[in-house]
Structures are given as structure tokens and as C-alpha cells.
Amino acid sequence: MNLYRELDRVGRIKLSQTFFLRDFLHSEIAVAHNIINLPDDLDLAVETGSRLCVEVLEPLQDRFGPIRIRSGYRSSALNAFGHANRLNCASNEKNYATHIWDRVDAQGNKGASACVVIPSLIAPHTHREQAIQQVQEWASAQTQIDHIRFFKQIATFNIGWKSLARSPQ
């Protein structure tokens, strides 16, 4: 199948009420270095991406208004390139079940994360600490959030969902 048609098909997969897989496939690293950012295991990427969107991002958007996705899914090849070239990517092993949605982590967990921006929290008189406090207050009641890591830029953070691997009975 030609690459354009595959990218178009995969990008149109709906993950939740307002998010499509296309929203998470863009990468400045991929564009700048001509790396294709497509899942190896599309079913797992859709499963984990859907959980991230339904359980974390839709509620976040319901609370704060529209959000913008800065980055989301990374293929193993893209992430490895970003890590090797010190482009703000952790190792693949650390990013399995976070930015690499189509691989389980060392504990057998599935997961997905995205870097998001909340435009409604970016205002001339809003300070970074105020935005962090508002998001943390909301997040404290959200049991499905695996992690939240704030960046220097106001109202910008990584947020993720992760399953818990079941121990054998």
C-alpha cells in the first residue's frame, strides 16, 4: 500500500469523541529528519491511545476547554533517533507504554502519554505556578492519570494513562 494512503487511513482512526490518531502522529523530529512515525502494532496503539483520550484528555478538555497536542505517539525508530541525538526523548525502554504506545513496558503495562498545552491557561497575567496549581487540583481527583510532568512553558505538560499489569494468580 502506498505511504500516503496508509498515513491517511491510520490518521482517520477515531480515538475518542474529539481526537483522532492523526492528532498524535505529528513530530517535528520526524519531519526534520524524514522519519515515518507509524505504529508497528496499530491495534495496541489504538487501544492505548483511546484509553488516554477517553480517560484523561477528554476530561481535561471538559474542564479547561480545547487543548492542543504538542506531541503524542512516537514509533520506536523515531524515539530511538530522538534519544540518540539528544532531542528530548528518553530511551525506548523508558518510553515504552508512554510515548511509544504500541509497546508494553518492562512490567507488562500498557500505556500512552501526550504533551499538551491548555490555551485557556495562557493569559497575560497568568503565572506558570498558577496554571500548574489549577491543573494539579483537577488532576488530584483523576485516578486514571499515571503521570503528569510540567515543562518550563506555561500550561504545557506531559500527561499519561497506564494500565496496571496483573500479577499471575
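Residues numbered from 1 in each chain as written. Predicted model: local features only at pLDDT ≥ 70, side-chain atom pairs only at ≥ 80, totals over all residues. Heavy atoms only, no water.

## A closer look at the overall build of the chain
Our working definition: We count a stretch as a helix when DSSP gives it H or I for four or more residues in a row; a strand needs E for two or more, and each element gets its number in order from the N terminus. The atom set for the radius of gyration is the C-alpha atoms, and the globule formula is 2.2 Å times the number of residues raised to the power 0.38. Exposure classes here rest on a 1.4 Å probe applied to the protein chains alone. A residue is buried below 20% of its type maximum, exposed above 50%, and partly exposed in between. A contact between two residues is defined here by any heavy atoms of the two lying within 4.5 Å. Per-residue accessibility takes into account occlusion by the displayed protein chains alone, with areas from the Shrake-Rupley method and a 1.4 Å probe. Residues scored as positive are Lys and Arg, those scored as negative are Asp and Glu, and His as well as the terminal groups of each chain are ignored. Charged groups are reduced to one reference atom each: NZ for lysine, CZ for arginine, CG for aspartic acid, CD for glutamic acid.
Counting its secondary structure elements, the chain contains seven helices and four strands. Across the chain, helices and strands are ordered from the amino to the carboxyl terminus as α-α-α-α-β-α-α-β-α-β-β. A compact globule built from 169 residues should have a C-alpha radius of gyration of about 15 Å, and the chain, at 16 Å, falls within 12% of that. Considered along the principal axes of its C-alpha atoms, the chain spans approximately 50 × 45 × 35 Å. Counting over 169 residues, the chain shows a buried share of 47%. For the chain, restricting intrachain contacts to residue pairs at least 6 apart in sequence, the fraction spanning at least 24 positions comes to 65%. Total accessible area computed for the chain in this model is approximately 9,600 Å², and 50% of it derives from carbon and sulfur atoms. Counting 19 positive and 17 negative side-chain charges, the chain places the averaged centre of each group 4 Å from the other.

## Here we look at helix α4 (residues 42-64)
Using the following cut-off: At any given residue, the bend is defined as the angle formed between two axes, one fitted to the seven residues that end at that position and one fitted to the seven that begin there.
At Cys53, α4 shows its strongest bend, of approximately 40 degrees. Looking one or two places after α4, you find Gly65, whose phi comes out positive at around 90 degrees.

## Some thoughts on the confidence of the model for the chain
Filter applied, for reference: Scored from 0 to 100, pLDDT reflects the predictor's confidence in each residue.
Scored by pLDDT, the chain comes out at a mean of 94, with 96% of its residues at no less than 70. By mean pLDDT, the top-scoring element of the chain is α4 (98), and the lowest-scoring one is helix α1 (residues 3-11) (94).

## Remarks on the side chain of Gln61
Its place among the elements puts Gln61 in helix α4. Setting aside residues no more than four positions away along its own chain, Gln61 makes contact with Thr18, Phe19, Pro66 and Ile67.

## Here's the deal with the sheet that holds strand β1 (residues 68-71)
This is how the line gets drawn: By this definition, two strands are paired if DSSP reports at least two bridges between them. Working convention: axes come from line fits to C-alpha atoms, limited for helices to the stretch in contact. Angles between N-to-C directions cover 0 to 180 degrees.
The four strands are arranged β1-β2-β4-β3 in an open sheet whose pairing can be described as antiparallel. Since the sheet does not close on itself, it has two edges, and those belong to β1 and β3 (145-150), each with one partner. Taking each pair of neighbouring strands and ignoring which way they run, the sheet shows an average axis angle of 35 degrees. Bridging between β3 and strand β4 (residues 156-162) involves five bridges; their strand directions are antiparallel. Considered in β4, the bridge of Ile145 is made with Trp161. Each of β1, β2 (111-117), β3 and β4 touches α4; the most contacted strand, β4, lies at about 130 degrees to it. Against the sheet, helix α7 (residues 128-139) touches β3 and β4, its axis set at about 175 degrees to β3.

## Considerations on the pattern of salt bridges
Note the threshold: By salt bridge we mean one thing: a side-chain nitrogen of Lys or Arg within 4 Å of a carboxyl oxygen of Asp or Glu.
Counted according to the given criterion, the structure contains seven salt bridges. The partner of Glu47 in a salt bridge is Lys110, with the nearest N and O atoms 2.9 Å apart. A residue pair is termed long-range when its members are at least 10 positions apart, and Glu47 in helix α4 and Lys110 in the loop between α6 (92-95) and β2 qualify at 63 residues. One network of salt bridges, in which partners are shared, links Asp8, Arg12 and Arg22.

## Description of the pairing of β4
With respect to burial, β4 is a largely interior element, six of its seven residues being buried. Across seven bridges, the pairing between β2 and β4 is antiparallel. When the sheet's bridge partners are listed, Ala112 is paired in β4 with Trp161. The antiparallel pairing of β3 with β4 creates a hairpin that spans five residues between the two strands, and Ala155 there sits at a positive phi of about 60 degrees.

## A look at the environment of Leu60
Within the secondary structure, Leu60 sits in helix α4. Spatially, the C-alpha atoms of Leu60 and Ala45 are 21 Å apart, while their sequence positions differ by 15 residues. Not counting chain neighbours up to four residues away, the residues in contact with Leu60 comprise Gly65, Ile67, Val116, Ile118, Trp138 and Phe157.

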